[in-house]
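These are the residues of each chain, in order.
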Amino acid sequence: MGQDLTVTEVRLTPILVADPPLLNTQGVHQPYTPRLIVEVVTAGGVTGVGETYGDTKYLDLAAPLADALPGRAVSDVNALHRLAERVCGDSPEATGADAVDVGGLRGVQTTDKLRLSVVSGFEVACLDALGKTLGLPVHALLGGKVRDAVDYSAYLFYRWARHPGGAGEPDDWGAALDPAGIVAQARRFAREYGFTSFKLKGGVFEPEQEIAAVRALAAAFPGQHLRLDPNGAWSVETSLKVAKELGGVLQYLEDPASGTARMAEVAAGTDVPLATNMCVTTFAEIPEAFARGAVQVVLSDHHYWGGLQATRELAAVCRTFGVALSMHSNTHLGISLAAMTHVAAVVPNLDHACDSHYPWQTEDVITERLTFRDGRLAVSDLPGLGVELDRDRLARLHRRWLDDDGSMRDRDDAAAMRVAEPGWTTPPVPRW
Ligand SMILES: O=C([O-])C(=O)C[C@H](O)[C@@H](O)C(=O)[O-]
Ligand SMILES: [Mg+2]
């Protein structure tokens, strides 16, 4: 393989990935969720891979960027954002200030946010190709790792045993719809993966039920880190009540209420640290939130912030303002997990174990799945991301996307819920 870093080809492969019936405040995960695999090929014969959201609104922005990239160097990562701003255009789906991303639960949706997510997949693919060409791991391209392993947290969900009508791919986790079910799920996460931090996705049941589940977790895992995240489903009053009841057991409370103003009100009334992956997901949202003391922990996510370099910049801003850093996750595969681990390895102020949906995913597009040991992932020192694309697996999941009638290509948890409850609509905020 040669050293020529010029991009000769970009391949975009949308796929549908099996997803279990995990419940959140908007509804339930679809049987299959869309992801986009980005491949960047260099004149030197090296292929770099990246992964990001794969809904139509992301594909629409990714296509012009893929067309514009050939002829540029994979080392030109700083120029990606400008190029994307120039060529991607507006997304007709970013419908203004009140539009909250239906599947991502990432707060207000704008064209800028969608574009940043697209760029993140391209940036990771470029860094993977650059690292493979130079024989260096991605963490070295980011200045070098400051830890050899990254801590991850168990991501607990209320869930059904199967999707309605038996759709999708079966798994053996069974239902978890009460405190005993959540504790059983947590025990399995601890046994199989060694996690010692536990995050419960809330906003599904009445707050009292979720408080009971967290208390049951505290009793089952004394002294271990617990988090609760209702994705902004509660009023300020409810948030403060939950914070009071769980004050002694929560490491942090994640997005109890929706929007910076409500989060600031909650923060003013409790000592429990508030975390977010909803009211602060871009640099533009930082000044007001930090000035008002609305959040004490920002959950970084390179898919949100525009890539690995932007995540490092976010870390520096958080460090400056004394705000802690952790990491958010949505449904993702091994390419994204590898990217998350590389950037987590280089950020000095990674204060908490990172979230990851990965254990819920039974399918992947890489040859060897990444393995958590003692709740941690070892940081790869192999060139690039250290993962290899499995073309047969990629083709199979792409085939599923091609064969889909369109109903799974755009994640919509409320629509998925309507299959079980025909009258379901996205609950108003605050829900409780
Ligand atoms: O921490 C979060 O808010 C999330 O992970 C958002 C996700 O969309 C999660 O709630 C999900 O996938 O149901
Ligand atoms: Mg969250």
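Residues numbered from 1 in each chain as written. Chains lettered and ligands numbered in written order. Predicted model: local features only at pLDDT ≥ 70, side-chain atom pairs only at ≥ 80, totals over all residues. Heavy atoms only, no water.

- As named in an unreviewed UniProt entry, the protein is glucarate dehydratase, taken from Streptomyces kurssanovii.
- In its Cofactor (unreviewed entry) section, the UniProt entry covering the protein states "Mg(2+)". (UniProt positions renumbered as here; feature names shortened; annotations may be inferred.)

## Description of the packing of aromatic side chains
Link 1 in the chain: Under the counting rule described, the total for this entry stands at 17 aromatic pairs.
Link 2 in the chain: Ring geometry for Tyr-53 and Tyr-58: centres 5.0 Å apart, planes at 20 degrees, overall stacked. For the pair shown, Tyr-53 and Tyr-58 are each scored as buried.
Link 3 in the chain: Both rings, one in Phe-189 and one in Trp-360, keep their centres 5.4 Å apart while their planes meet at 85 degrees; by these two values the pair is edge-to-face. Of the two residues, Phe-189 sits in helix H5 (residues 179–193) while Trp-360 sits in the loop between helix H12 (334–346) and strand S14 (376–378), which places them 171 residues apart along the sequence. For the pair formed by Phe-189 and Trp-360, the shared burial category is buried.
Link 4 in the chain: Among the aromatic side chains, those forming a connected cluster through ring pairs are Tyr-152, Tyr-155, Phe-157, Trp-173, Phe-189, Tyr-193, Phe-195, Tyr-358, Trp-360 and Phe-372.
Link 5 in the chain: Positioned above the aromatic ring of Tyr-53 is the side chain of Arg-35, whose terminal nitrogen or guanidinium carbon lies 5.3 Å from the ring centre. (Phe/Tyr/Trp six-rings, centres within 6.5 Å; stacked < 30°, edge-to-face > 60°. Buried < 20%, exposed > 50% of the residue type's maximum accessible area, 1.4 Å probe, protein only. Helix = DSSP H or I, 4+ residues; strand = E, 2+ residues; numbered from the N terminus. Lys NZ or Arg CZ within 6 Å of the ring centre and 35° of its normal.)

## Thoughts on the coordination of the magnesium ion (ligand 2)
Link 1 in the chain: Protein coordination at the magnesium ion (ligand 2) comes from Asp-229 (OD), Glu-254 (OE) and Asn-277 (OD1), with a distance range of 1.9 to 2.2 Å.
Link 2 in the chain: All donor residues of the magnesium ion (ligand 2) come from one chain, and their arrangement in sequence is D-x24-E-x22-N. Pair noted here: Glu-254 is in strand S10 (residues 252–254) and Asn-277 is in the loop between strand S11 (274–276) and helix H9 (286–291), with a separation of 23 residues, a long-range link. The pair formed by Glu-254 and Asn-277 is uniform in burial state, with each residue classed as buried. (Donors = N, O, S within 2.8 Å, 3.2 Å for Na, K, Ca; no water.)

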